[in-house]
Amino acid sequence: GLPAWPLGELAHGVRQVAPMLNVTRTWNAIGAVSHMSRAISLARDFATRRQAFGRPLIEQPLHARTLADMQAEFEGAFALAFEVAHLLGRVEHAATAAHEVALLRLLTPLAKLWTGKLAVQTCSEAIECFGGAGYIEDTGLPQLLRDAQVYAIWEGTTNVLSLDNLRALASDGFDALRTATTCWLEGNDDMHAASAIRQTLDAAARWLDQHAAQRNMLEAGARGLAFTLARCAAAALLARQATWSTNHADRRPAAALQRFIALGLDRLVTPDAGNTALLLG
Ligand SMILES: Cc1cc2nc3c(=O)[nH]c(=O)nc-3n(C[C@H](O)[C@H](O)[C@H](O)COP(=O)(O)OP(=O)(O)OC[C@H]3O[C@@H](n4cnc5c(N)ncnc54)[C@H](O)[C@@H]3O)c2cc1C
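Conventions adopted
- Residues numbered from 1 in each chain as written.
- Predicted model: local features only at pLDDT ≥ 70, side-chain atom pairs only at ≥ 80, totals over all residues.
- Heavy atoms only, no water.
- Helix = DSSP H or I, 4+ residues; strand = E, 2+ residues; numbered from the N terminus.
- Buried < 20%, exposed > 50% of the residue type's maximum accessible area, 1.4 Å probe, protein only.
- Domains from an automatic or database assignment.
- Contact = heavy atoms within 4.5 Å.
- Buried area = accessible area lost by both parts, 1.4 Å probe.
- Salt bridge = Lys/Arg side-chain N within 4 Å of Asp/Glu carboxyl O.
- Core = buried A, V, L, I, M, F, W, Y, C linked by side-chain atoms within 4.5 Å.

**Q** Would you explain unusual backbone geometry in this entry?
**A** The bulk of non-glycine residues show a negative phi, and the bulk of peptide bonds are trans. In this structure, glutamate 155 takes a positive phi of about 60° despite not being glycine. Position of glutamate 155 relative to the elements: it lies in the loop between α4 (141–149) and α5 (158–170). Judged by its relative accessible area of 26%, glutamate 155 is partly exposed. Positive phi outside glycine occurs at alanine 249, with the angle close to 65°. Within the secondary structure, alanine 249 sits in the loop between α9 (222–247) and α10 (252–262).

Structure below.
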């Protein structure tokens, strides 16, 4: 057999490997957003060249709307992924505020699972933006989608990380997110966005209270809860960027925030075990 040397106490393998997982999951989120960025850039470029129904695609209102939706989702995902990278650096250098260790513990699986799923969705939409050409192997476009799929699988699947998120919430993860959100929203004058974020966080807290005692219900709804918290964090980070950029005469991040909020924050689901059993029966 292959010789192996224990790196630490054998009884605490998960604890030993956890710091490495923080790094690889953060890397995964960065990979996912860069993949999204590439797909969107290609689709936006194509939209300026391809003429359909008498004008370039970029001038077709529905196509432009589709691209702008993708851009807004990407900007939220980018903000979250890079906040996690920033936090990881601060934690590694012991330069954190009191709530930030718990915040990193919560946001790492959230960023990984949400950006992984979003990369698949974004690459699929980008390929559709090319019409039939997007389906043709020689263009290289199908590979975008095939490669994106791994972001949702390795380093922990969406479901496995949604359950990990429950563990992070069981300690002080939720309080840390609320504290961070309050800081990120400071100075933002988009009252609609701020109130949507706070209301959705309140709804997530109620959902957790409601299902805390029923483990099966909690697990069945864990993915919806994880997406909801990831979207709230991303929206609050977009708000922080919008505040800074608006003060520097750039209104684009505020537009990204508005569109991201319009696409909805709440992904909570009502777990229905009876219904699931019937569907799978
Ligand atoms: C290209 C590639 C490279 C890889 N490289 C490495 C590597 O270098 N090192 C390494 O260690 N691993 C590596 N992996 C393995 C990878 O991390 C695992 O495949 C991944 O974590 C999923 O685990 P699994 O395959 O055992 O799936 P399973 O755990 O069997 O999951 C199957 C399905 O069941 C779902 N599921 C499982 N448990 C639950 C649950 N409790 N509740 C709800 N749903 C659940 C999952 O979400 C998934 O949809 C690699 C994988 C790929 C595809």
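**Q** Would you mind going over the domain arrangement of the protein with me for this structure?
**A** In many analyses, interface size is given as the accessible surface area lost on bringing the parts together. Each assigned domain of the protein is listed with its residue range as follows: domain 1 (16–155) and domain 2 (160–274). Each of domain 1 and domain 2 has a C-alpha centre, and the two are 18 Å apart. Counting residues at the interface gives 25 residues for domain 1 and 30 residues for domain 2. A per-residue breakdown of the area domain 1 buries against domain 2 is headed by Leu106, Leu113 and Trp114, which together make up 21% of the total. At the junction of domain 1 with domain 2, the criterion picks out 5 salt bridges.

**Q** I'm lost on the nonpolar core in this one. Help?
**A** Generally speaking, a soluble globular protein has its nonpolar side chains buried in company with each other. Leu80, Leu107, Trp114, Leu177, Trp184, Ile197 and Leu229 are the most contacted members of the largest nonpolar core, which has 80 residues in total. Each of two domains, domain 1 (16–155) and domain 2 (160–274), supplies a minimum of three residues to this core. In contact with tryptophan 114, not counting residues within four places along its chain, are Glu73, Gly76, Ala77, Leu80, Phe227, Ala230, Arg231, Ala234 and Phe260.

**Q** Could you clarify how one ought to interpret the side chain of threonine 228 in this entry?
**A** Tracing the sequence through the fold places threonine 228 in helix α9. Judged by relative accessible area, threonine 228 falls into the buried class, the value being 0%. Excluding residues that lie within four positions of it along the chain, threonine 228 makes contacts with Thr200, Leu265, Asp266, Arg267 and Leu268.

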